[in-house]
Each structure stands twice: as C-alpha cells, then as structure tokens.
Amino acid sequence: MTEVVYLVPGVGLAEEERLRRQRIANEQCVANVTVREGHEFAPRSIESAVEEAWAGLAAVRGGWAVRDEYDAVVIGCFGDPGLRPMRELLDVPVVGPAETTIHTAAQVADRFGWLTILEETVPTSHELAHEYGLADQCVSVRSVDAPVLSIDHESDELVERMVSVGREAVEEDGAEALFPGCMSLSFAQRHEEIQERVGVPFLDPATLALEQAATWARHGVVHSKRTYPSANLEKLDALLGDVEPQAADDD
C-alpha cells in the first residue's frame with residue numbers, strides 16, 4: 001500500500017480534528033494517508049505572508065524528519081508553503097494543494113474563481129495564481145470571511161457564505177469553476193452540495209492533492225532534479241541538524 005503523509009505546517013489542529021481529517025483522507029484516497037503536524041515550531045494558522053513563511057520553515061523541518069517513512073508528501077496548506085525547498089530536500093513526490101487545484105481548474109474550465117478565507121489573503125492568492133502561470137484564467141478571488149481558527153465544519157452558515165460568494169464569482173466575474181483556497185474549508189467536505197447550488201464545478205483540493213500524490217508515488221513520478229537541484233545538506237546543519245526522524249502514529 002502506498003503511504004502518503006498529509007503534513008500540516010501549523011500547530012492549531014486539535015487531535016479530534018486531525019483524526020477526522022485522517023479518516024476523510026483515507027475515504028477519499030486509494031493510499032494509506034497519515035495526517036500529522038509538520039513541526040512544533042509553527043504558526044497556529046496561516047493567514048498572512050509572515051505566517052506562510054513561518055509555515056514553510058515548519059513544513060521543511062517536518063518533511064525532513066519523516067523523509068524515510070512515506071512514499072509521498074502533501075503539504076497541508078493551500079498556500080503550498082515550503083513546496084520548492086521540500087522538493088530540493090526529499091526524493092519522494094511532494095505535492096502542493098494549490099498547484100494541483102489551480103491546474104485542475106484550468107483543465108476543466110477556461111476561467112476559474114477562488115474562494116479565500118479573508119480579505120487579507122486575497123493579495124497572496126493572486127500572487128500564487130501568477131506564480132503558477134494561470135493568473136489570466138483566475139478571474140476572481142473573493143473572501144468568505146472565515147478565519148481559520150473559527151471555521152466550524154458543521155456550520156450551514158459557512159456553506160451559505162461559500163454558496164453566496166461563489167454565485168457572485170460565477171454571475172459577476174464569469175468564473176466557470178470554483179474551489180476553496182483553504183484546506184480547512186476543503187475539509188468541510190460540502191463540495192457536492194455547493195457545486196449543485198452554484199452550477200459550476202466546485203473542486204476539492206484535499207482529494208485532488210492526495211490522489212495526485214498517491215498516483216505519482218505508484219508510478220514513480222518524482223520532481224526533476226534539474227528543476228529542483230538537491231540542497232547542500234552540509235550547509236543546513238542549523239536548520240536540519242537537530243531534527244530527528246519521528247515515529248509514525250499508530251492510528
């Protein structure tokens with residue numbers, strides 16, 4: 001069985017929620033998925049460029065610590081923090097949910113919209129679309145006003161906001177596909193309901209990223225070392241030298 005780790009680059013995930021996400025991940029993906037936090041030195045949530053940079057460091061350290069335990073890594077944040085450095089460090093597939101979802105949206109629609117969590121994360125969302133070369137197809141980034149630590153996955157009110165904002169993106173901006181730009185929103189797992197109500201594909205970043213990681217691992221697809229040259233470990237003692245491999249969770 002292919003082993004995939006969903007690595008959360010933050011420390012705000014309660015154990016009950018970690019187990020819930022792990023259950024969902026294993027229901028959605030053909031691989032065996034373990035959900036774990038990347039490193040103890042990490043932000044509680046990622047809602048700014050500062051926190052994203054901090055999370056990138058936590059993801060790198062966490063990925064290095066479990067480098068020999070899994071066949072693929074999914075970064076558990078839609079900002080893909082640490083994606084490039086993790087690919088330089090690891091010899092297994094490293095998948096970013098944003099990269100996966102944005103390119104999938106561009107395949108299923110000519111123009112897509114993005115539902116982000118806060119007005120403060122709109123600029124970094126546009127920047128990410130530009131970084132992945134699809135800014136021209138991203139016709140809309142709209143906030144659903146949902147701070148990460150306040151997200152209630154049982155909340156119908158949150159679903160109503162995603163539907164309302166999603167309809168605005170479709171009717172006013174011309175979006176022909178949508179996705180939530182936050183993994184906490186993704187793990188609400190209300191995609192089918194929202195898709196039916198907004199009338200366009202509403203993609204699930206968690207499932208897409210996990211399935212891509214599992215598929216790459218099964219077929220031996222790994223990032224090019226010409227694009228992501230191996231890091232010089234001798235220069236990284238201060239970053240990685242004290243990070244020991246961690247035991248995998250039994251559950």
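Presented here is a report on the structure given in the accompanying data block. (Residues numbered from 1 in each chain as written. Predicted model: local features only at pLDDT ≥ 70, side-chain atom pairs only at ≥ 80, totals over all residues. Heavy atoms only, no water.)

### Things to note about the pairing of strand 6 (residues 138-143)
Within a regular strand, side chains alternate between the sheet's two faces. The pairing of strand 5 (residues 112-116) with strand 6 spans five bridges and is classified as parallel. In the sheet register, threonine 116 faces strand 6, and the bridge partner there is serine 143. Handedness of the crossover joining strand 5 and strand 6 through helix 5 (residues 122-131): right-handed. (Pairing = 2+ DSSP bridges. Helix = DSSP H or I, 4+ residues; strand = E, 2+ residues; numbered from the N terminus. Right-handed = clockwise from strand over helix to strand, strands pointing away.)

### So, helix 4 (residues 97-108)
Helix length check: helix 4 (twelve residues) gives 16 Å between terminal C-alpha atoms against 16 Å at 1.5 Å per residue, within 8%. Burial in helix 4 covers these residues: Pro97, Ala98, Glu99, Thr100, Thr101, Ile102, Thr104 and Ala105. (Expected span 1.5 Å × (residues − 1). Buried < 20%, exposed > 50% of the residue type's maximum accessible area, 1.4 Å probe, protein only.)

### Notes on the sheet that holds strand 4 (residues 94-95)
Strand order in this open sheet of four strands is 2-1-3-4, and the pairing throughout is parallel. Of all strands in the sheet, those with a lone pairing partner are strand 2 (32-37) and strand 4, marking the two edges. Strand direction decides the pairing type here: strand 3 (residues 72-75) and strand 4, joined by two bridges, are parallel. Note that in strand 4 the partner of valine 73 across the bridge is valine 94. Sitting on the sheet, helix 1 (residues 15-28) touches strand 1 (3-8) and strand 2, and the angle it makes with strand 2 is about 155°. (Contact = heavy atoms within 4.5 Å. Axes fitted to C-alpha atoms, helices over the stretch in contact; angles between N-to-C directions.)

### Focus: the packing of helix 6 (residues 156-173) against helix 8 (residues 191-198)
Any two packed helices are characterised by the angle at which their axes cross and by the distance between the axes. One way to put it is that helix 6 packs onto helix 8 with a least axis distance of 9 Å and a crossing angle of 40°. Considering their axes alone, helix 6 and helix 8 lie oblique with respect to each other. The two elements helix 6 and helix 8 cross, and the hand of that crossing is right-handed. Every residue of helix 8 that contacts helix 6 at Val159, Glu160, Met162, Val163, Gly166, Arg167 and Val170 is listed here: Glu193, Ile194, Arg197 and Val198. Partitioned by chemical class, the residues of the contact of helix 6 with helix 8 number six nonpolar, one polar and four charged. (Parallel < 35°, antiparallel > 145°, perpendicular 65-115°, else oblique. Left-handed = near helix turned anticlockwise from the far one by under 90°. Nonpolar A, V, L, I, M, F, W, Y, C, P; charged D, E, K, R; others polar.)

### Thoughts on the pattern of salt bridges
Pairs may arise between side chains of opposite charge once their charged atoms sit close together. Counting across every chain of the model gives 15 salt bridges. A salt bridge links arginine 36 to glutamate 69, with the nearest nitrogen and oxygen atoms 3.6 Å apart. Here the residue arginine 36 occupies a position in strand 2, and glutamate 69 occupies one in the loop between helix 2 (49-65) and strand 3, the gap between them amounting to 33 residues. Judged by relative accessible area, which is 27%, glutamate 69 ranks as partly exposed. (Salt bridge = Lys/Arg side-chain N within 4 Å of Asp/Glu carboxyl O.)

### Focus on the sheet that holds strand 6
Strand pairing in a sheet is mediated by backbone hydrogen bonds. Such pairs are either parallel or antiparallel. One open sheet holds the three strands; their spatial order is 6-5-7, and the pairing between them is parallel. Every other strand in the sheet has two partners, leaving strand 6 and strand 7 (178-180) as the edge strands with one partner each. Going from strand to strand, the sheet's axes swing by 20° on average, the running direction of each strand aside.

### Considering unusual backbone geometry
Residue aspartate 80 is not a glycine yet carries a positive backbone phi of 55°. Locating aspartate 80 in the fold gives a position in the loop between strand 3 and helix 3 (83-89). Phi at glutamine 189 takes a positive value of approximately 55°, unusual for a residue other than glycine. For glutamine 189, the position within the fold is in the loop between helix 7 (183-186) and helix 8. You can call glutamine 189 partly exposed: its relative accessible area is 27%.

### As for the nonpolar core
Among the nonpolar cores identified, the biggest contains 53 residues, and Val4, Tyr6, Met86 and Trp114 are the most heavily contacted of them. Counting residues in hydrophobic clusters, the runner-up holds 21 residues, among them Val144, Leu158, Leu178 and Phe202. (Core = buried A, V, L, I, M, F, W, Y, C linked by side-chain atoms within 4.5 Å.)

### Concerning the environment of leucine 233
Secondary-structure assignment places leucine 233 in the loop between helix 9 (205-218) and helix 10 (237-240). Taking the C-alpha atoms as reference points, leucine 233 and proline 43, separated by 190 residues in sequence, lie 25 Å from one another. Other than its neighbours up to four places away in sequence, leucine 233 contacts Trp64, Leu89 and Leu240.

### Here's the deal with the pairing of strand 2
As defined by bridge partners, strand 1 adjoins strand 2 across six bridges and the pair is classed as parallel. When the sheet's bridge partners are listed, glutamate 3 is paired in strand 2 with asparagine 32. Since strand 1 and strand 2 lie parallel, the crossover through helix 1 that links them has a hand, and here it is right-handed.

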